[in-house]
Amino acid sequence: MDNSTEYAYFLNKLEAAGFEAYIVGGCVRDMLLGRTVNDWDITSSALPEQIMSVFSELKVIPTGLKHGTVTAVRSGVPFEITTFRVDGSYSDSRRPDSVRFTSSLEEDLARRDFTINAMAMDVRGELYDPFGGRNDLQARLIRAVGEPERRFGEDALRILRAVRFASVLGFSIEKQTAAAALELRGLLDNISRERCRDELSKMIMGTDFAETALEYREIIAQIIPELRESFDFEQHSRYHRYNVYEHTVRAVAAAPQDVTVRTAMLFHDICKPQMFRLDENGSGHFKGHAGAGAKATETIMRRLRWDNSVISDVCALIERHSDKIVSEKQIKRLISKLGEENFFRLIEVMKSDNLAKNEFVLPENDWFDECAQLGRQFIRENECMDLRQLAVNGNDIMSLGAQGRQIGECLNDLLGLVIDGELPNEREALLERAREVLT
Ligand code: ATP
Ligand code: MG
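Reference entry: report on the structure contained in this document. (Residues numbered from 1 in each chain as written. Chains lettered and ligands numbered in written order. Predicted model: local features only at pLDDT ≥ 70, side-chain atom pairs only at ≥ 80, totals over all residues. Heavy atoms only, no water.)

1. Some words on the overall build of the chain
Consideration 1: Across its full length, the chain holds 22 helices and 13 strands.
Consideration 2: With respect to the principal axes defined by its C-alpha atoms, the chain has extents near 85 × 60 × 40 Å.
Consideration 3: Burial status across the chain gives 50% buried among its 439 residues.
Consideration 4: Residue pairs at least 24 apart in sequence account for 63% of intrachain contacts in the chain once pairs closer than 6 positions are excluded.
Consideration 5: As displayed, the chain has an accessible area near 20700 Å², and 46% of this comes from carbon and sulfur atoms.
Consideration 6: Of the charged side chains in the chain, 56 are positive and 71 negative, and the gap between their average positions amounts to 2 Å. (Helix = DSSP H or I, 4+ residues; strand = E, 2+ residues; numbered from the N terminus. Buried < 20%, exposed > 50% of the residue type's maximum accessible area, 1.4 Å probe, protein only. Contact = heavy atoms within 4.5 Å. Areas by Shrake-Rupley, 256 points an atom, 1.4 Å probe, with all protein chains shown as cover. Lys, Arg positive; Asp, Glu negative; His and termini not counted. Charge placed at Lys NZ, Arg CZ, Asp CG, Glu CD.)

2. Side note on the sheet that holds strand S2 (residues 40-44)
As a general point, the strands of a sheet are linked pairwise by backbone hydrogen bonds and lie either parallel or antiparallel.
Consideration 1: If you trace the seven strands from one edge of the open sheet to the other, you get S3-S4-S5-S2-S1-S8-S9, paired in mixed fashion. One side of each edge strand has no neighbouring strand; the edge strands of this open sheet are strand S3 (59-64) and strand S9 (127-128).
Consideration 2: One ladder, built from two bridges, connects strand S1 (residues 21-24) with strand S8 (residues 120-121); its direction is antiparallel. Bridge assignment links Val24 to a residue of S8, and that residue is Ala120.
Consideration 3: On top of the sheet, helix H1 (residues 6-16) reaches S1, S2, strand S4 (69-74), strand S5 (77-83) and S8; it is set at about 150° to S1, its chief contact. (Pairing = 2+ DSSP bridges. Axes fitted to C-alpha atoms, helices over the stretch in contact; angles between N-to-C directions.)

3. Let's talk about the side chain of Asn243
Consideration 1: Along the chain, Asn243 falls in the loop between helix H11 (217-223) and helix H12 (244-254).
Consideration 2: Of the residues examined, Asn243 reaches a relative accessible area of 13% and is grouped as buried.
Consideration 3: Polar side-chain contacts of Asn243 include one of 3.1 Å to the backbone nitrogen of Tyr245.
Consideration 4: At 2.8 Å, the side chain of Asn243 forms a polar contact with the backbone nitrogen of Glu246.
Consideration 5: Ignoring any residue separated from it by four or fewer positions in sequence, one finds Asn243 in contact with Ser230, Asp232, Phe233, Glu234 and Gln235. (Polar contact = N/O pair within 3.5 Å; in protein donor to acceptor, adjacent residues only side chain to side chain.)

4. Observations regarding the pattern of salt bridges
Consideration 1: Under the counting rule described, the total for this entry stands at 38 salt bridges.
Consideration 2: The salt bridge involving Arg333 is made with Asp420; its shortest N-O contact spans 2.5 Å. Placement of the pair is Arg333 in helix H17 (residues 328-338) and Asp420 in the loop between helix H21 (405-419) and helix H22 (427-438), with a sequence separation of 87 residues.
Consideration 3: We classify Arg333 as partly exposed; its relative accessible area is 32%.
Consideration 4: Of the residues examined, Asp420 reaches a relative accessible area of 18% and is grouped as buried. (Salt bridge = Lys/Arg side-chain N within 4 Å of Asp/Glu carboxyl O.)

5. Quick notes on the site of ligand 1
Consideration 1: Around ligand 1 sit 16 residues in total, of which Arg29, Asn117, Asp155, Arg158 and Arg164 are the nearest.
Consideration 2: In the model, an oxygen atom of ligand 1 is placed 2.8 Å from a nitrogen or oxygen of the Arg29 side chain.
Consideration 3: Within the side chain of Asp39, one N or O atom sits 3.3 Å away from an oxygen atom of ligand 1.
Consideration 4: In the complex, 82% of the free accessible area of ligand 1, which totals 580 Å², lies under the protein chains.
Consideration 5: Elements with a contribution of two residues or more to the shell around ligand 1: helix H2 (26-33) and helix H7 (157-169).
Consideration 6: Broken down by element, the shell around ligand 1 gets its largest block of residues, four residues, from H7.
Consideration 7: In terms of residue class, the shell around ligand 1 is built from one nonpolar, four polar and 11 charged. (Near = heavy atom within 4 Å. Nonpolar A, V, L, I, M, F, W, Y, C, P; charged D, E, K, R; others polar.)

6. Some details on the pairing of S4
Consideration 1: Across four bridges, the pairing between S3 and S4 is antiparallel. Following the sheet pairing, Ile61 is matched in S4 by Thr71.
Consideration 2: Where S4 lies against S5, six bridges are found, and the strand directions are antiparallel. The residue bridging Thr71 from the neighbouring strand is Glu80, located in S5.
Consideration 3: Between S4 and S5, which follow one another and run antiparallel, lie two residues, and Ser75 among them has a positive phi close to 50°.

7. Describing the packing of H17 against H21
Consideration 1: One can describe the packing of H17 onto H21 by two numbers: an axis separation of 9 Å at closest approach and a directional angle of 145°. For the pair H17 and H21, contact is made by Lys329, Lys332, Arg333 and Ser336 and by Leu415, Gly416 and Ile419, respectively.
Consideration 2: Class assignment for the residues of the contact of H17 with H21 results in two nonpolar, two polar and three charged.

8. As for the packing of aromatic side chains
Consideration 1: Under the definition given, this model contains 16 aromatic pairs.
Consideration 2: Between Tyr22 and Phe84 the ring centres are 6.3 Å apart and the planes differ by 25°, which places this aromatic pair in the stacked class. Placement of the pair is Tyr22 in strand S1 and Phe84 in the loop between S5 and strand S6 (85-87), with a sequence separation of 62 residues. An identical accessibility class is assigned to Tyr22 and Phe84; each is buried.
Consideration 3: When the centroid spacing of 6.2 Å and the interplanar angle of 85° are considered together, the rings of Phe267 and Trp306 count as edge-to-face. One end of the pair, Phe267, is in helix H13 (residues 259-267); the other, Trp306, is in the loop between helix H15 (289-303) and helix H16 (308-320), and 39 residues separate them in sequence.
Consideration 4: Pairwise contacts between aromatic rings join Tyr7, Tyr9, Phe10, Trp40, Phe55 and Phe79 into one cluster. (Phe/Tyr/Trp six-rings, centres within 6.5 Å; stacked < 30°, edge-to-face > 60°.)

9. Considerations on helix H9 (residues 193-204)
Consideration 1: Here H9 is 12 residues long and its end C-alpha atoms lie 16 Å apart, about the 16 Å a rise of 1.5 Å per residue gives.
Consideration 2: Those residues of H9 that sit buried are Cys196, Arg197, Glu199, Leu200, Ser201, Met203 and Ile204.
Consideration 3: The secondary structure elements touched by the buried residues of H9 are H7, helix H10 (209-215), H11, H12 and H13. (Expected span 1.5 Å × (residues − 1).)

Put into structure tokens, the structure is as follows:
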């Protein structure tokens, strides 16, 4: 939805009531960059209760009254409106101990993390940029507002945010800011795992993730120490031109913008170092790394509190990422086991993996495209690849005398036979086979 002028309503209303009001932070940055704005933040001299009364006719949610934030919804789009504020002291590298409202826009901008995020714009389009954010946007630089050590010391999440913005915007991190981020990375241990995970998830979606992750690998390893083993780990394989870590981050960046696929790429070779074997010809092998990787990934993702459904999708993809697809039968089996959505993701995983190997493997991606094509065709033609499509159901099998787990096992065996073309998907033929098996 185009909501690019919707904010004017809010600024006008607040101004008409005698307050200052600006759009601020990420939305100003993204507007100046010509990028799509994710969320609209408004900063105002009005106090929370005053904001609530100015917008009394709208749906207004007091999302964070203590911090001066209310959310107003207009045409289904949420706008966060926050009173000008200064953060109090930080004793835990995490949250300010207190916040104080102020009447100064500049003080509000000074509490923000990076110069490109510390700009405000009024309804007439005038920019307020006391820290040189616009110059840094032009120079494509992430620079802390004020002294980087102090700012990262106040809130260590900013360390990950710096790396995330570098990855997503394709910017560099200014030298002193980068040095402080690397030096203070240990403070990330004070940040909740969910918040780190959220930043990481945004970071891996960046177009410049590979370069950023190479340069700031120590920061990434602060939240996923398991990745450290793959740093500089040579593969001794003709298929590969990069070490395990560089291959990994390049595979992430080669993947489409699907967060499940990109997360799978981030972890897909996590167990390669520990499964490494050198054969008598001096070639490296990593037998079992996919299965082991799926298990290790589950542990990591649980620790970082990912949703169970995402964990299960990502691990299923990792477990099969190095399978060879050699037949139509196998495509059907994969669709049957993974479900349609994850089957197509698996194809993307395999292609992204190849894109970060030696060039001679690339023609294999044409085959993967063909596999996806075939998969789409099987789905379109309603080929039986799912228990729901099988011409018999659990009741049928039960009436043959099967009980409990036996029922599901029998149905799955039948489905396998139908997929493999050994039985037609016809009721009589299936019942007959079931009778044989069950007696
Ligand atoms: P995006 O919405 O694309 O993730 P953003 O810059 O808008 O990026 P938000 O988390 O939405 O990030 O925060 C909005 C604004 O609040 C930021 O632009 C910044 O000015 C300020 N901000 C957010 N988090 C911090 C922080 N940890 N420290 C200081 N300022 C912050
Ligand atoms: Mg934002």
